[in-house]
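# Observations on the model geometry
Take a look at the letters that make up each chain.
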Amino acid sequence: MKKFRAAVLSLVLSMGLVGCSSSTGSTAGTTSANEQYDIVIVGAGGAGLSAAVEASEKGAKNIVVLEKMSFAGGSTTMAFGGFNCTNSRFMDEQGREENPVDLAARIMKNGKNLNDVRMAAVVAEETPSVIEWLDGFGSEWGKIRYADLHCPTDGTIPGVELVKVLKEQCEKNGVEIRYNTKAVDVLADKDGRINGVTVEDKNGQYTIDTSAVILATGGFETNPEMIAEYGNESLKNIHLAPSQGNMGDGITMALKHGAALTNMDLIQLSCAVAPFSIQMQLPIKNAGVIFVNKEGKRFTNEFSEASSDRRITDDILKQTDAECYGVYNEAIYKEFMAIEEKDFFDEYRMTGIDNSGTVIKADTIEELAKKMEVPADELAKTIANLKTDGIGNEAVVEKAKTYAEGPYYAVVLTPGVMDTLGGVVADTTARVLKEDGTPIAGLYAAGEVIGNTQGAYYSVGLGEAAVFGRVAARNAIQYINDRGGLREHVEVKRDEAKTEAAKGEFKDGTFTGEGKGNNGPITVEVTVKDGNITDINVTCEETPNIYAGVEEQFIPEIIKTQNLDIDAVTGATNSSEGVRTAVKAALGK
């Protein structure tokens, strides 16, 4: 079997499938008044930014990235896993060794062979060059967890680091990223070649002419209708996802051109997480924690081998508000915290939950019930019957006696969709394929929008995004070169709505205020001169790439409009509201 896998990997590489696809034809001259770009990249997450940086480095300067959110990053920002990489200078320095063939085999095994071995081989073989690529930007990924999971050397969250460094390279290379700009349709000529994108921003819709489109739009975690449509009706009430932008836009647009889809029913869940972050799974869940609903009753066996347990997910979704409380005591908490070599992710999550301000603490069961707003008699009965309720979970039975003493803790938990694993079918050159296996000319895909790389489990870390972002960029350039070559960008000015400068009516001076964000308090210092807010300085611990939307869009808009009640930034609502509350507190509003 191993010889077969090696042969497949060798075949993929020897055929040059990762490098460049070829096409014939020429680009016809145009008299269109629309903006003209060689490549339009839809989505500014890890995949889209990788494509943008790679394309600009390979000579494509006439490119644009469209991002419907107000910040870059998408679900990549929430990625705790790094790159599964078998060969790197860091592996050599640490005396580690692994074969790309073995990694490809592991991807297939974890994916239950519902993925394409050729796609898995591309990720396994190309990821080392991604690590070297990032190294060249001054971003070191030398902290290796488990066998081969490369994470940033300085301990930064992997997804945050990837977006940060790629965004910096986009700025350095002059790549334009248009925020709050949604691609609503991909257009094609009479022969089916992709030739444009319909775009929508605050000023309305317009068309961009292009020779190639790279879809890097992520999955459909935030689209419960699409989740239900493709075989997961029971998840229609799930209400937590890593990115507000992941609505399946790329899949919908590709379908209009006959794209084949695969694995659309495959969902990777997180069965019990704190609602403020999809990554905040309760790490002590299997250590004697009990799940209690809003009626004060225990309703399920809390133990599961995997965080993506579907049984627990379904059980929680049946409860009031599709939520429950994770209840534990001081003894369980201290036992976990005393573990000297805790898993990095577990320690990060427990610390995040502890610092979130969402943990309820009480000295007695009666006090805990009152703070949880559940019936005190039912909660007391639940605690008293832990050994005999018949629900199961050996850890709970073992720890039942410890519930006789407090302090007690409770944290709201709910299921969430970590990733959708299905999407468009792509080949090893990142071309989107039709049902008959032929490519849609000029249409490429990268990252989570591809459905035939992961299979039943997300097991390649950030590799799928960065690898296929770069592969898509290279092959899009080759496709364009085969049809007449890359062009210089010619700027087309669009009419934008003009507004008069706003006038504030605030008291002059410098004032401070505080609000609450996702990760703790937000403190602001607001400067007012001649009645106008002229500056807002913020101190906070918000997730950088999400908070970027607040910093780059929300705060400047407050200053521009002198309006404290403008809309929150999509995808960064809690951070926006935290800043708003702090500014209002500072100004006495």
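Before going into details, it helps to say that this report is about the structure given with it. On a predicted model such as this, the values are computed, not experimentally measured, just so you know.

Thresholds applied
- Residues numbered from 1 in each chain as written.
- Predicted model: local features only at pLDDT ≥ 70, side-chain atom pairs only at ≥ 80, totals over all residues.
- Heavy atoms only, no water.
- Salt bridge = Lys/Arg side-chain N within 4 Å of Asp/Glu carboxyl O.
- Helix = DSSP H or I, 4+ residues; strand = E, 2+ residues; numbered from the N terminus.
- Buried < 20%, exposed > 50% of the residue type's maximum accessible area, 1.4 Å probe, protein only.
- Phe/Tyr/Trp six-rings, centres within 6.5 Å; stacked < 30°, edge-to-face > 60°.
- Lys NZ or Arg CZ within 6 Å of the ring centre and 35° of its normal.
- Expected span 1.5 Å × (residues − 1).
- Pairing = 2+ DSSP bridges.
- Axes fitted to C-alpha atoms, helices over the stretch in contact; angles between N-to-C directions.
- Contact = heavy atoms within 4.5 Å.
- Core = buried A, V, L, I, M, F, W, Y, C linked by side-chain atoms within 4.5 Å.

## Quick word on the pattern of salt bridges
For the structure shown, the criterion picks out 32 salt bridges. Of the charged contacts in the structure, one is a salt bridge between Asp38 and Arg487, with a shortest N-O distance of 3.0 Å. Taken as a pair, Asp38 in strand 1 (residues 35-42) and Arg487 in the loop between helix 15 (463-482) and strand 19 (509-517) lie far apart in primary sequence, 449 residues in all. When its relative accessible area of 29% is taken as the criterion, Arg487 is described as partly exposed. Taking the shortest distance from any N to any O, the salt bridge between Glu54 and Lys58 comes out at 3.1 Å.

## Focus on the packing of aromatic side chains
With the rule as written, the count across this model stands at five aromatic pairs. Their ring planes at 75° and their centres at 5.0 Å tell us that Phe83 and Trp141 sit as a pair that is edge-to-face. Of this pair, Phe83 sits in strand 3 (residues 83-84) while Trp141 sits in the loop between helix 5 (117-136) and strand 4 (143-145), and the two are 58 residues apart along the sequence. Of the residues examined, Trp141 reaches a relative accessible area of 0% and is grouped as buried. Relative to Tyr409, the ring of Tyr328 lies with its centre 5.3 Å away and its plane at 20°, an arrangement referred to as stacked. Remark: Tyr409 occurs in strand 15 (residues 408-420) and Tyr328 occurs in strand 13 (residues 324-329); sequence separation between them is 81 residues. Neither residue differs from the other here; Tyr328 and Tyr409 are each classed as buried. Taken together, Tyr328, Tyr333 and Tyr409 form an aromatic cluster joined through their ring pairs. It is Arg470 that lies over the ring of Trp133; its NZ or CZ is 4.3 Å from the centre.

## Some points on helix 17 (residues 573-586)
One turn of the α-helix equals 3.6 residues, which is why residues spaced by three or four share an orientation. The end-to-end C-alpha distance of helix 17, which contains 14 residues, comes to 20 Å, matching closely the 20 Å that a straight helix rising 1.5 Å per residue would cover. For helix 17, every residue scored as buried is listed here: Ser575, Ser576, Gly578, Val579, Arg580, Ala582, Val583 and Ala586. One or two residues past the end of helix 17 sits Gly588, with phi positive at roughly 70°.

## Notes on the sheet that holds strand 21 (residues 532-539)
Reading across from one edge, 19-20-21 is the order of the three strands in this open sheet, with antiparallel pairing throughout. Since the sheet does not close on itself, it has two edges, and those belong to strand 19 and strand 21, each with one partner. Here the strands of the sheet are splayed against their neighbours by 25° on average, with no regard to which way each runs. Alignment of strand 20 (residues 520-529) against strand 21, held across seven bridges, turns out to be antiparallel. Bridge pairing in strand 21 places Val526 opposite Ile536. Running at roughly 145° to strand 19, helix 17 makes contact with strand 19, strand 20 and strand 21 of the sheet.

## As for the nonpolar core
Ranked by internal contacts, the top residues of the largest apolar core, which has 98 residues, are Ile39, Leu134 and Phe468. Among the elements that make up this core, the one with the highest residue count is helix 15 (eleven residues). When sequence neighbours within four positions are dropped, the list of residues in contact with Leu134 reads Phe83, Ser139, Trp141, Leu162, Val165 and Leu166. With 41 residues, the next largest nonpolar core counts Leu282, Phe336, Ile353 and Ile365 among its residues.

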